[in-house]
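Summary of structural features
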Amino acid sequence: MSADAPAVAVRGFAKTFRTQFLRRRVTAVRDVSFTVARGEIFGLLGPNGAGKTTTIKMLLGLVAPDRGSAEILGVPVPRKESRARLGFLPENPYFYDHLSPRELLDDYGRLFGLSAPERRRRSGVLLERLGIAALAGRPIRKLSKGQVQRVGMAQALISDPELLILDEPMSGLDPIGRKEFRDILLERARGGATVMFSSHILPDVEMIAERVAIIHEGLVADQGVMGELLQREATGVDVGATGLAVELAGKLAASATSHERRGEADHFVAPSEAAAAELVREIVTAGGHLVEVVPRRGTLEDLLLRLAKRREGPEA
């Protein structure tokens, strides 16, 4: 075990299941490889059925891969030691629902070898931090989906893990809950922990992930630093101006990707920085007044849609 090893290293994961109905073979993961550096927040993205959850289950030793290997904090999977410093929140957490959140956290703390005083201390802090201290003694079966998700996050944190692996952690949360979870993940990363999570809520991923891997049809379609990936998806420059005659605006629109008049202002999308510079020159020369010149920023949605179309290929 090396302190220089990445927090997570996945090499060539592949998995095929045989369905109960008709015993048909279904390939869930074809070839997935990625690494997660220590101390970073890493997003695992992809459409439903892409293979994200199966990849996570293989990483945790819950499902045996047909091919490939992995290490967690330098320890080969599925050795038990690979999970010793790990906190995990599954996509649909299920707990013994007759237990209360306080009792559940005490049980998980005992599994990690925490003393009774330390279990009480950590449970109290987490229940308060996650906004469910008032529900600490209520049976879990009486909690809402969002409240159960908060309990799930508390159990993932009870051991103060070096690595958090979370499958759809924002599921069932309202906007306030999503922000609170994002803040917790950022706090953990600032404290030196590593966070790896899957999510279909793309704005949340854009806000906090430093790097991402995008899985499509069981393959890693793209991966890299978030800012660099989104920069590739930039779609031009927004140019806004007032004081343009209708005829001139129509002429300028011919060199723009799109044009729209809103009230007294004309809004153009130039296809490139060079085209935007030429558009600005013509507007100023004509006596117009610039309102904005803003490079467009790509989004994860743009990237996922492009990758999906590329893999589908040209239409027949």
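Just so we're clear, the structure is a prediction, and the values are computed from it rather than from any experiment.

Looking at the overall build of the chain
Within the chain, the secondary structure is distributed over 10 helices and 14 strands. For 316 residues, the compact-globule estimate of 2.2 N^0.38 gives 20 Å, and the C-alpha radius of gyration of the chain, at 25 Å, exceeds that figure by more than 25%. Overall, the chain is about 75 × 45 × 45 Å in size when its C-alpha atoms are taken along their principal axes. Counting the 316 residues in the chain, one finds 47% classified as buried.

Notes on a nonpolar patch on the surface
A cluster of nonpolar side chains, Val284, Leu290 and Val293, forms an exposed patch at the surface whose accessible area comes to about 240 Å². By secondary structure assignment, the location of Leu290 is in strand β14 (residues 289-295).

Some remarks on the pairing of strand β12 (residues 258-262)
As judged from the 5 bridges shared by β12 and strand β13 (residues 265-270), these two strands associate in the antiparallel manner. Directly across from His259, in β13, lies its bridge partner Phe268.

A look at the packing of aromatic side chains
A complete count under the given rule lists 2 aromatic pairs for this structure. With a centroid separation of 6.4 Å and 85 degrees between ring planes, the pair formed by Phe95 and Tyr108 is classed as edge-to-face. With Phe95 in the loop between β6 (86-89) and α2 (101-111) and Tyr108 in helix α2, the pair connects residues that are 13 residues apart, well separated along the chain. Positioned above the aromatic ring of Phe17, the side-chain terminus of Lys15 is 5.5 Å from the ring centre.

Considering the packing of α2 against helix α4 (residues 145-157)
Between α2 and α4, whose axes approach to 9 Å, the crossing angle comes to 25 degrees. Our classification of the angle between α2 and α4 gives roughly parallel. Considering how the two elements wind past one another, α2 and α4 form a crossing that is right-handed. Across the interface between the two elements, Pro101, Leu104, Leu105 and Tyr108 from α2 touch Val151, Ala154 and Gln155 from α4.

Focus: the sheet that holds strand β11 (residues 237-242)
Taken in spatial order, the 4 strands line up as β12-β13-β11-β14 in an open sheet, and their pairing is antiparallel. Of all the strands in the sheet, the pair left with one neighbour each is β12 and β14. Neighbour-to-neighbour, the strand axes of this sheet turn through a mean angle of 15 degrees, independent of strand direction. Relative to β14, β11 runs antiparallel, the two sharing 6 bridges. If you follow Asp238 over to β14, its bridge partner there is Val294. The strands that helix α9 (residues 273-285) touches are β11, β13 and β14; relative to β11, the one it contacts most, it runs at about 5 degrees.

With respect to the nonpolar core
Looking at soluble globular proteins, one finds that nonpolar side chains tend to be buried together. Formed by 48 residues in total, the largest nonpolar core has its most connected members in Leu166, Leu185, Phe197, Val205 and Leu300. If one sorts the elements of this core by residue count, α4 sits on top with 6 residues. Setting aside chain neighbours within four positions, we find Leu166 in contact with Leu89, Met153, Ala156, Leu185, Val195, Met196, Phe197 and Ser198. With 27 residues, the next largest nonpolar core counts Ala28, Leu59, Val77 and Ile215 among its residues.

Definitions and cut-offs
- Residues numbered from 1 in each chain as written.
- Predicted model: local features only at pLDDT ≥ 70, side-chain atom pairs only at ≥ 80, totals over all residues.
- Heavy atoms only, no water.
- Helix = DSSP H or I, 4+ residues; strand = E, 2+ residues; numbered from the N terminus.
- Rg over C-alpha atoms; globule rule 2.2 N^0.38 Å.
- Buried < 20%, exposed > 50% of the residue type's maximum accessible area, 1.4 Å probe, protein only.
- Patch = residues over 30% accessible without salt bridge, like charges linked within 9 Å, V, L, I, M, F, W, Y side chains within 5 Å.
- Areas by Shrake-Rupley, 256 points an atom, 1.4 Å probe, with all protein chains shown as cover.
- Salt bridge = Lys/Arg side-chain N within 4 Å of Asp/Glu carboxyl O.
- Pairing = 2+ DSSP bridges.
- Phe/Tyr/Trp six-rings, centres within 6.5 Å; stacked < 30°, edge-to-face > 60°.
- Lys NZ or Arg CZ within 6 Å of the ring centre and 35° of its normal.
- Axes fitted to C-alpha atoms, helices over the stretch in contact; angles between N-to-C directions.
- Parallel < 35°, antiparallel > 145°, perpendicular 65-115°, else oblique.
- Left-handed = near helix turned anticlockwise from the far one by under 90°.
- Contact = heavy atoms within 4.5 Å.
- Core = buried A, V, L, I, M, F, W, Y, C linked by side-chain atoms within 4.5 Å.

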